[in-house]
Amino acid sequence: MAIPVTRSNVILAAFIMFITGTAAFASDLKDETLLQGLPAGFEVGHSFKRPNLTMVEMIPSGESVQVWSEMVTTQIFHNSPSPLEHYFGDMQRSWSG
């Protein structure tokens, strides 16, 4: 049975990947490097880098970032002064309407 692709499920999946992939080891890491390949059948739809943020949006090949059935987003916050809880609260409010 497939899990429906909804904004809430996308946010939840990103949150789980972030927490399980980084939080357990965050106190031991310094100048870490993220090695991430494209999921099978996906391509980079959009990416950008700013001094405090790097973001990559990956979508199924042949789709666009405006019209997509699935999306994997990676956000890397560089030297963020805000606690992680503020980010999740802001994200939740922005998706609530």
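The text that follows walks through the structure, step by step, so that each part is easy to find. Just so we're clear, the structure is a prediction, and the values are computed from it rather than from any experiment.

1. What about the side chain of Glu57?
Next up, step 1: Within the fold, Glu57 resides in strand E2 (residues 53-60).
Next up, step 2: Since its relative accessible area comes to 15%, Glu57 is described here as buried.
Next up, step 3: Contact partners of Glu57, with chain neighbours within four places excluded, come to Glu43, Val44, Gly45, His46, Val65, Met71, Val72 and Thr73.

2. Structural notes on the environment of Ser80
Next up, step 1: Mapped onto the secondary structure, Ser80 falls in the loop between strand E3 (72-77) and helix H2 (84-96).
Next up, step 2: Residue classification places Ser80 among the partly exposed residues on the basis of a relative accessible area of 39%.
Next up, step 3: Distance in space between the C-alpha atoms of Ser80 and Asn52 is 6.7 Å, their sequence separation being 28 residues.

3. Things to note about the pattern of salt bridges
Next up, step 1: The final tally for this structure, using the stated rule, is one salt bridge.
Next up, step 2: Of the charged contacts in the structure, one is a salt bridge between Arg93 and Asp90, with a shortest N-O distance of 2.5 Å. Here Asp90 and Arg93 lie together in helix H2, a separation of three residues that amounts to about one turn.
Next up, step 3: Take Arg93: its relative accessible area is 56%, and that puts it in the exposed class.

4. Thoughts on the side chain of Thr54
Next up, step 1: Structurally, the position occupied by Thr54 is in strand E2.
Next up, step 2: Apart from residues lying up to four places away in sequence, Thr54 is in contact with Phe48, Lys49, Thr74, Gln75, Ile76 and His78.

About the cut-offs
Residues numbered from 1 in each chain as written. Predicted model: local features only at pLDDT ≥ 70, side-chain atom pairs only at ≥ 80, totals over all residues. Heavy atoms only, no water. Helix = DSSP H or I, 4+ residues; strand = E, 2+ residues; numbered from the N terminus. Buried < 20%, exposed > 50% of the residue type's maximum accessible area, 1.4 Å probe, protein only. Contact = heavy atoms within 4.5 Å. Salt bridge = Lys/Arg side-chain N within 4 Å of Asp/Glu carboxyl O.

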